[in-house]
Amino acid sequence: QVQLVESGGGLVQAGGSLRLSCAASGRTFSSDAMGWFRQAPGKEREFVAQITGSGGSTYYANSVKGRFTISRDNAKNTVYLQMNSLKPEDPGVYYCAATGGTTVYNVWGQGTQVTVSS
């Protein structure tokens, strides 16, 4: 069973940091582009960051560029999102996703909640 499980969410003060993890299982994900998305209450899910299968290229939403860093450890089948300088506009449920060898994200985790207090 192909599965993505996120962890590391929680409550943090504005300006603080969190590190999210996404553990993949069921098959090898080293060829998949992996991404992080987030959804705030009442808003649509939005793209946060993406990393290619090799980890050689990364992409970020403008709103998180310079503050968030996506990385992966293919030996552990795990993707990370280091979030620094968290802002009041960063909260939401953060989802990990994989492209499954296609050009679209077709495998999703259940999400982990991030809350930022001002």
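The rules behind each value
Residues numbered from 1 in each chain as written. Predicted model: local features only at pLDDT ≥ 70, side-chain atom pairs only at ≥ 80, totals over all residues. Heavy atoms only, no water. Helix = DSSP H or I, 4+ residues; strand = E, 2+ residues; numbered from the N terminus. Buried < 20%, exposed > 50% of the residue type's maximum accessible area, 1.4 Å probe, protein only. Contact = heavy atoms within 4.5 Å. Pairing = 2+ DSSP bridges. Core = buried A, V, L, I, M, F, W, Y, C linked by side-chain atoms within 4.5 Å. Phe/Tyr/Trp six-rings, centres within 6.5 Å; stacked < 30°, edge-to-face > 60°.

**Focus: unusual backbone geometry**
Positive phi, close to 55°, is recorded for asparagine 77, a residue that is not glycine. You can see asparagine 77 is positioned in the loop between strand E7 (68-73) and strand E8 (78-83). Of note in this structure, serine 85 is not a glycine but carries a positive phi near 50°. Examined against the element boundaries, serine 85 turns out to sit in the loop between E8 and strand E9 (92-98).

**Things to note about the environment of leucine 81**
One can find leucine 81 in strand E8. With relative accessibility at 0%, the residue leucine 81 sits in the buried group. In sequence terms leucine 81 and threonine 69 are 12 residues apart; their C-alpha atoms lie 5.6 Å from each other. Beyond its immediate sequence surroundings of up to four residues, leucine 81 is in contact with Leu18, Arg19, Leu20, Trp36, Val48, Ala49, Phe68, Thr69, Ile70 and Tyr94.

**Let's talk about the environment of valine 64**
Take valine 64: it is sitting in the loop between strand E6 (58-60) and E7. With 20 residues separating them along the chain, valine 64 and asparagine 84 place their C-alpha atoms 9.2 Å apart. Ignoring anything within four residues of it in the chain, the contact list for valine 64 reads Arg38 and Val48.

**Quick notes on the pairing of E9**
Burial analysis of E9 places six of its seven residues in the buried class, the great majority of the element. Note: strand E4 (residues 34-39) against E9, six bridges, orientation antiparallel. Counterpart to methionine 34 in the pairing with E9 is alanine 98. Pairing analysis gives three bridges linking E9 to strand E11 (residues 112-117), with the strands arranged antiparallel. Within E11, the residue paired with glycine 92 across the bridge is valine 114. As judged from the two bridges shared by E9 and strand E10 (residues 107-108), these two strands associate in the antiparallel manner. Bridging across to E10, alanine 97 finds its partner in tryptophan 108.

**Notes on the nonpolar core**
Counting 26 residues, the largest nonpolar core has Leu4, Met34, Trp36, Leu81, Met83 and Tyr94 as the members making the most contacts within it. Breaking this core down by element, the ones donating at least two residues are strand E3 (18-25), E4, strand E5 (46-51), E7, E8, E9 and E11. Here this core takes four residues from E3, the largest share from any one element.

**So, the packing of aromatic side chains**
On inspection of all chains with the given rule, the structure shows four aromatic pairs. Considering the side-chain rings of phenylalanine 37 and phenylalanine 47, the 5.7 Å spacing of their centres and the 75° angle between planes classify their relative orientation as edge-to-face. Here phenylalanine 37 is found in strand E4, whereas its partner phenylalanine 47 is found in strand E5, with 10 residues between them in sequence. Since its relative accessible area comes to 11%, phenylalanine 37 is described here as buried. Accessibility expressed as a relative area gives 31% for phenylalanine 47, which makes it partly exposed. Note on phenylalanine 37 and tryptophan 108: the rings are 4.9 Å apart at their centroids and 55° apart in plane angle, and the pair reads as tilted. Highlighted residues: phenylalanine 37 in strand E4 and tryptophan 108 in strand E10, separated in sequence by 71 residues. Relative accessible area serves as the criterion here: at 33%, tryptophan 108 is assigned to the partly exposed category.

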